[in-house]
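Structural features, examined
What follows is each chain in one-letter form.
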Amino acid sequence: MLEMTREEFEELVAEALDRIPPELTRLMDNVAVFVEDEPPADDPELLGLYEGTPLTDRGEWYAGVLPDRITVYRGPTLRMCESREDVVAETEITVVHEIAHHFGIDDERLHALGYG
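Here we summarise the structure given alongside this text. (Residues numbered from 1 in each chain as written. Predicted model: local features only at pLDDT ≥ 70, side-chain atom pairs only at ≥ 80, totals over all residues. Heavy atoms only, no water.)

**A closer look at the environment of Thr25**
Keep this limit in mind: Each helix is a run of H or I in the DSSP string that is no shorter than four residues. Each strand is a run of E no shorter than two, and both are numbered from the N terminus. The rule is simple: take the accessible area with a 1.4 Å probe, protein chains only, and divide by the maximum for that residue type; under 20% is buried, over 50% is exposed, in between is partly exposed. In what follows, residue pairs with any heavy atoms lying within 4.5 Å of each other are defined as contacts.
Tracing the chain through its elements places Thr25 in helix H2 (residues 22–25). We classify Thr25 as partly exposed; its relative accessible area is 32%. Taking the C-alpha atoms as reference points, Thr25 and Ile99, separated by 74 residues in sequence, lie 9.3 Å from one another. When neighbours within four sequence positions are excluded, Thr25 is seen to be in contact with Leu17 and Ile20.

Below, the structure is given as structure tokens:
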């Protein structure tokens, strides 16, 4: 398995977030991004997870709720990648994938766009 500290991985996630176009990040609302070492035991190969209410599903009832949560998992990403460059690319894909869920884009469309 490729070695990378949590701090290094968090920096890659931050860099991936920085590459999201500003016109999109301005539209993001009430969402927080986290890095965890491992995903839930029932899905050990999960690279990222979006939990919350997509922007497209929010209505007038949406107020005073906790932020949506995007989690990027370090362990499975490092296990599937062979080089630092692979980790950079896979982290960026994962971040974009989970942010797309925040915007209401489903897995089928993401796979068609190459972010599966």
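Following the structure, the description resumes.
**Considerations on the layout of surface pockets**
To keep things clear, this is the line we draw: Here a cavity denotes a set of grid points, spaced 1 Å apart and computed over the protein atoms alone, in which a 1.4 Å probe fits but from which it cannot get out, and a pocket denotes an open set meeting protein on both sides within 12 Å along at least five of seven lines; residues with an atom within 4 Å of a point are reported as lining. Grid points are joined across faces, edges and corners, and a volume is the space filled by probe spheres set on the points. Throughout, the ten residues Ala, Val, Leu, Ile, Met, Phe, Trp, Tyr, Cys and Pro are labelled nonpolar, Asp, Glu, Lys and Arg are labelled charged, and all others, Gly among them, are labelled polar.
If you add up the space inside the largest pocket, you get close to 210 Å³. Around the largest pocket, the lining residues are Ala16, Arg19, Ile20, Pro21, Leu24, Glu92, Val96, Ile99, Ala100, Phe103, Ile105 and Tyr115. Taken together, the residues of the lining of the largest pocket break down into 10 nonpolar, no polar and two charged.

**Details of helix H4 (residues 84–102)**
The condition that has to hold: A helix is expected to reach a length of 1.5 Å times the quantity of its residues less one.
In a regular helix each residue adds 1.5 Å, so 19 residues correspond to 27 Å; H4 covers 27 Å between its end C-alpha atoms and thus fits that length. Structurally, H4 contributes buried residues whose contacts are with helix H1 (6–18), strand E1 (31–36), strand E2 (48–51), strand E3 (68–73), helix H3 (74–80) and helix H5 (107–112). Phi turns positive one or two residues past the end of H4, at Gly104, with a value near 90 degrees.

**Digging into the nonpolar core**
Where a protein is soluble and globular, its nonpolar side chains tend to be buried together. Here is the rule: In this description, a nonpolar core means a group of buried Ala, Val, Leu, Ile, Met, Phe, Trp, Tyr and Cys residues linked to one another through side-chain atoms lying within 4.5 Å.
Counting residues in each nonpolar core, the largest one holds 17 residues, and the members touching the most others are Met4, Phe9, Val13, Val72, Val87, Val95 and Ile99. Where this core is concerned, the elements lending two or more residues are H1, E3 and H4. It is H1 that provides the largest number of residues to this core, a total of four residues. Sequence-distant contacts of Val13, that is, excluding residues within four places in its chain, are made with Val33, Val35, Val72, Thr91 and Val95.

**Looking at the packing of aromatic side chains**
Note the cut-off: Aromatic pairs are defined between Phe, Tyr and Trp rings, using the six-membered ring for Trp, whenever the two ring centres lie within 6.5 Å; interplanar angles under 30 degrees are classed as stacked, those over 60 as edge-to-face, and all others as tilted. The criterion for a charge sitting over a ring is simple: Lys NZ or Arg CZ within 6 Å of the ring centre, and within 35 degrees of the ring normal.
Using the criterion set out here, one finds one aromatic pair in the structure. Consider the rings of Trp61 and Tyr62, whose centres lie 5.6 Å apart with planes at 80 degrees: the pair is edge-to-face. Judged by its relative accessible area of 53%, Trp61 is exposed. The side chain of Arg69 reaches across the aromatic face of Phe34, ending 3.9 Å from its centre.

**Some details on H1**
Basically, it comes down to this: Note that the arc is computed from the directions linking the helix axis to the C-beta atoms.
Taking 1.5 Å per residue as the helical rise, H1 with its 13 residues ought to reach 18 Å, and the 18 Å between its terminal C-alpha atoms agrees with that figure. When H1 is considered as a whole, its buried residues turn out to be Phe9, Leu12, Val13 and Ala16. The buried residues of H1 occupy an angular sector of 100 degrees when projected down its axis, which confines them to one face. H1 presents Glu7 and Asp18 as exposed residues on the side facing more than 90 degrees away from its buried surface. Structurally, H1 contributes buried residues whose contacts are with E1, E3, H3 and H4.

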